[in-house]
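Residues per chain are reported as follows:
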Amino acid sequence: MEEKKYETVLKIFILQFAAIAVILPFVWLLSTALKSPGEVFTPTLKLIPDTFMWSNFLEIMDRAPFWLYMLNTIIVCVGILLIQLLLVIPAAYAFARLDFPGKDVIFLLFVIQIMLPLESIIIPNYLITKKLGLLNTRTGLILPFVASGFGTFMLRQTFKQVPNALEDAALIDGAGHLRFIWHVLIPLSRPTIVTFSMISIATHWNDYFWPLIITDMDRVRTLTIGLGMFVQQESGSDWTLLMAATLFVCAPIIAFFLATQKTFIKSFLTSGIKG
Amino acid sequence: MLKGVPILPRGGGTPHSLKLMKESPEKYRNYMFLVPGMFFLLLFTYLPIMWSTWLSFNRWNLLSPQPKWCGVENFLKLWNHDVFWLVMKNSFFFVTVSIFPTMFLALVFAILIDERVKGRVYYIYSLFYPTLIPMAAAAMLWVYIYSPNLGVLNIVLSKFGLPKLGWLGSSQTSIWALIIMTFWKNLGFFMLIYLAGLQNVNRELYEAAYIDGAGWWRRHLAITFPLVGPTSLFVLIVAIILTFRVFDQIHLMTEGGPGNSSNVIVYYIYENGFKFFDWGIASALTTILVVILLFLTLLIFGLFGKRITYTAD
């Protein structure tokens with residue numbers, strides 16, 4: 001199938017235009033984060049600062065404990081992911097390959113949860129977390145997210161595709177449920193597990209609403225909420241510092257994805273997300 | 001229980017002599033695999049829904065510090081309150097205006113990227129990176145871009161001799177400003193899901209259509225659009241969830257204002273609960289939101305359910 005010359009040019013033009021339009025805000029963020037305050041208050045568009053103000057980053061560390069926020073964010077994200085995997089894999093296994101009374105109804109409960117994110121039932125969740133004495137704790141930031149209907153659904157789809165012959169072979173070799181999961185299902189479902197893990201990390205790195213309502217002290221705050229508080233504290237006075245802080249909040253997750261981009265894109269394109 | 005009613009297709013189908021599941025009478029041991037997940041699912045999804053449903057029929061605010069049964073009073077109050085209707089209008093406006101253009105353009109860009117060999121990763125990442133940025137950070141960035149005097153948008157507008165816009169500060173434009181920013185944020189995510197879906201389309205179909213003389217647009221209209229139907233359904237569900245729960249950018253960029261012009265349901269729940277401390281009203285709103293979300297789920301699965309479940313298996 002041959003493309004006409006003008007078609008190719010037009011397509012590349014459209015793609016380039018979109019790519020640049022989407023990248024520009026980030027370039028603007030980078031540029032402002034490195035400017036001196038004086039350069040921001042001029043109505044000219046200057047992309048490259050006169051002098052690179054790396055000290056902006058030191059300055060924000062003095063004003064708010066951003067390293068502590070980052071540590072908390074990492075603990076919360078990793079905690080959520082590990083517990084999610086511990087809960088989701090056995091559940092997906094049961095739905096994909098076992099039989100028991102009420103299976104369809106229970107599976108429906110997991111699927112419906114996908115449509116009811118925590119944000120939509122924030123009031124009662126806040127009251128429950130308060131009753132459990134988990135306000136202002138990292139445990140409180142983790143637990144409400146650990147039962148993932150989305151992950152259960154994704155993994156169930158993948159586990160179903162593993163041929164029955166492999167299960168028979170494992171059984172003849174004397175493997176039980178757990179060995180079969182560990183030695184056969186998990187290795188075969190690696191792309192889906194990687195995709196789910198990455199989506200989970202990206203989602204929870206970005207959580208804002210839940211930490212906003214259940215934390216009110218720096219000790220347990222995560223990056224996003226730390227940024228929100230920093231903005232209030234500085235009350236929009238100095239855009240260079242605000243953009244430096246914004247960049248500091250985005251940088252780790254972007255670096256993480258750039259480092260793992262091959263795995264991520266490949267896993268995403270081959271995993272169960274096909275509708 | 002609903003035994004025998006196949007809500008979702010069962011796995012396997014063929015009887016299988018060696019299957020682990022045949023180890024009854026220990027069939028009930030299979031529940032063990034679900035118990036941990038179920039525990040948290042009940043604790044943080046279904047118990048909260050039941051609790052807030054009960055609370056929505058109670059008066060519980062600063063004047064009445066203990067929950068007290070009051071029938072449908074909370075719902076009546078909302079029904080007679082103009083702000084509630086404005087919030088509902090804004091929510092549905094936000095959802096419809098942001099979802100369909102985003103989905104359409106995401107599919108078009110996925111097709112364009114799928115046809116390119118060179119620079120694929122560059123295009124994917126330049127469209128996808130906003131998804132990775134925390135919404136709170138993206139919101140701060142866009143507050144700066146939209147800022148009336150120093151913002152890059154107004155500077156560009158005035159360079160072309162056009163009048164400056166109020167963006168977030170004007171009730172005419174605030175919700176549009178939020179929609180544009182949300183579009184920028186979600187486009188790449190949907191594009192990536194479509195790109196995954198396109199990997200399943202049989203390439204020979206395009207060859208056949210090409211030989212029959214169909215142009216680019218015609219080929220995709222007749223082949224790609226119908227064949228990515230299941231993916232579109234998945235994207236639609238994800239998009240509805242993402243846009244109905246919009247909160248972060250509203251909290252950081254407009255606080256629902258000016259004059260509630262950008263107030264949407266989740267933010268309105270937050271306001272009632274954590275600013276006005278009217279837990280009864282906030283619970284009633286939660287009940288309304290849950291009913292809307294469940295209704296949409298049923299609607300979507302009722303209309304297209306067979307297609308999604310069977311193709312996904």
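Calculation criteria
Residues numbered from 1 in each chain as written. Chains lettered and ligands numbered in written order. Predicted model: local features only at pLDDT ≥ 70, side-chain atom pairs only at ≥ 80, totals over all residues. Heavy atoms only, no water. Helix = DSSP H or I, 4+ residues; strand = E, 2+ residues; numbered from the N terminus. Rg over C-alpha atoms; globule rule 2.2 N^0.38 Å. Buried < 20%, exposed > 50% of the residue type's maximum accessible area, 1.4 Å probe, protein only. Contact = heavy atoms within 4.5 Å. Buried area = accessible area lost by both parts, 1.4 Å probe. Salt bridge = Lys/Arg side-chain N within 4 Å of Asp/Glu carboxyl O. Polar contact = N/O pair within 3.5 Å; in protein donor to acceptor, adjacent residues only side chain to side chain. Nonpolar A, V, L, I, M, F, W, Y, C, P; charged D, E, K, R; others polar. Phe/Tyr/Trp six-rings, centres within 6.5 Å; stacked < 30°, edge-to-face > 60°. pLDDT = per-residue confidence, 0-100. Domains from an automatic or database assignment. Patch = residues over 30% accessible without salt bridge, like charges linked within 9 Å, V, L, I, M, F, W, Y side chains within 5 Å. Areas by Shrake-Rupley, 256 points an atom, 1.4 Å probe, with all protein chains shown as cover. Axes fitted to C-alpha atoms, helices over the stretch in contact; angles between N-to-C directions. Parallel < 35°, antiparallel > 145°, perpendicular 65-115°, else oblique. Left-handed = near helix turned anticlockwise from the far one by under 90°. Expected span 1.5 Å × (residues − 1). Arc of directions from axis to C-beta.

What follows deals with the overall build of chain A. Counting its regular elements, chain A contains 15 helices and zero strands. Against the globule reference of 19 Å for 275 residues, chain A gives a C-alpha radius of gyration of 24 Å, more extended than a compact globule. C-alpha atoms of chain A, sized along the principal axes, occupy 75 × 65 × 30 Å. Counting only residues that meet the buried cut, chain A has 60% of its 275 residues in that class.

Moving on, we come to the overall build of chain B. Tallying secondary structure elements over chain B gives 13 helices and two strands in all. Sequence separation of at least 24 residues holds for 66% of the intrachain contacts in chain B that already meet a minimum separation of 6.

Where interface size is given, it is often the accessible area lost as the parts come together that is meant. Across the boundary between the two partners, chain B contributes 111 residues, which contact 108 residues of chain A. Between chain B and chain A, a total of about 10,700 Å² is buried, with carbon and sulfur atoms accounting for 76% of that surface. Taken together, the connections running from chain B to chain A amount to two salt bridges. Counting every contact that joins chain B to chain A gives eleven residue pairs in polar contact (both at pLDDT 80 or more). The greatest single-element share of the side of chain B that touches chain A, amounting to 15 residues, is contributed by helix H1 (residues 35–55) of chain B. Partitioned by chemical class, the residues of the side of chain B that touches chain A number 81 nonpolar, 17 polar and 13 charged.

As a further point, take the packing of aromatic side chains. Scanning the model with the defined rule gives 42 aromatic pairs over all chains in all. Here the aromatic cluster, defined as three or more aromatic residues joined through ring pairs, consists of Tyr 126 and Phe 209 of chain A together with Trp 60, Phe 247, Tyr 267, Tyr 270, Phe 274 and Trp 279 of chain B.

Turning to the confidence of the model for chain B, a few remarks are in order. Here chain B shows a mean pLDDT of 83. Residues at 70 or above account for 88%. Below a pLDDT of 50 lies the segment residues 1–17 of chain B, which in the model reaches 24 contacts outside its immediate sequence neighbourhood of four places, other chains included.

Residue and element names in this part refer to chain A. As far as domains go, chain A holds domain 1 (5–57) and domain 2 (58–270). Here domain 1 and domain 2 have C-alpha centroids that lie 32 Å from each other. Of the roughly 1,100 Å² buried between domain 1 and domain 2, counting both surfaces, carbon and sulfur atoms make up 76%. Broken down residue by residue, the surface that domain 1 buries against domain 2 is led by Leu 29, Asn 56 and Phe 57, which jointly contribute 50%. Taken together, the links from domain 1 to domain 2 amount to zero salt bridges. Linking domain 1 with domain 2 are two residue pairs in polar contact (both at pLDDT 80 or more). Sorting the residues of the side of domain 1 that touches domain 2 by element identifies helix H1 (5–33), helix H2 (37–40) and helix H3 (55–63) as the ones contributing at least two each. In terms of residue count, H1 provides more of the side of domain 1 that touches domain 2 than any other element does, five residues in total. Per-class residue counts for the side of domain 1 that touches domain 2 are nine nonpolar, four polar and one charged.

Our next topic: a nonpolar patch on the surface. A cluster of nonpolar side chains, Leu 10, Phe 13, Ile 14 and Phe 17 of chain A, forms an exposed patch at the surface whose accessible area comes to about 440 Å². Structurally, Phe 13 of chain A is set in helix H1.

This part covers the pattern of salt bridges. All names here are of chain B. Scanning all chains against the criterion turns up eight salt bridges over all chains. Among the salt bridges present, the one from Arg 120 reaches Asp 114, with a minimum N-O distance of 3.8 Å. For Asp 114, a relative accessible area of 14% corresponds to the buried category. One network of salt bridges, in which partners are shared, links Arg 59, Glu 73 and Lys 77.

Per-residue confidence for chain A gives a mean pLDDT of 86; residues scoring 70 or more make up 95%. Element-level pLDDT for chain A is lowest in H2 of chain A, with a mean of 73, against a maximum mean of 94 in helix H4 (residues 66–97) of chain A.

Attention shifts here to the environment of Phe 264 of chain A. Tracing the chain through its elements places Phe 264 of chain A in helix H15 (residues 261–270). Spatially, the C-alpha atoms of Phe 264 of chain A and Leu 47 of chain A are 31 Å apart, while their sequence positions differ by 217 residues. Beyond its immediate stretch of four places on either side in the chain, Phe 264 of chain A contacts Met 198 and Phe 257 of chain A together with Tyr 125, Phe 128 and Leu 192 of chain B.

Okay, the packing of H1 of chain A against helix H14 (residues 239–259) of chain A next. Helix-helix packing: each pair is described by the crossing angle between the helix axes and the interaxial distance. Residue and element names in this part refer to chain A. Viewed as axis vectors pointing N to C, H1 and H14 meet at an angle of 125°, and their least axial separation amounts to 8 Å. The pairing of H1 with H14 is recorded here as oblique in orientation. Seen from above, H1 lies across H14 with left-handed handedness. Facing H1, whose interface residues are Phe 26, Leu 29, Leu 30, Thr 32 and Ala 33, H14 presents Trp 239, Thr 240, Met 243, Ala 244, Thr 246, Leu 247, Cys 250 and Ile 254. Counted by class, the contact of H1 with H14 contains ten nonpolar, three polar and no charged residues.

Here the focus is helix H9 (residues 216–227) of chain B. Taking 1.5 Å per residue, twelve residues should reach 16 Å; H9 of chain B reaches 16 Å between its end C-alpha atoms and fits that length. All of the buried residues in H9 of chain B are Trp 216, Arg 219, His 220, Ile 223 and Thr 224 of chain B. With its buried residues spanning 105° around the axis, H9 of chain B presents them on a single face. On its buried face, H9 of chain B is in contact with H1 of chain A together with helix H3 (82–115), helix H7 (174–198) and helix H8 (204–211) of chain B.

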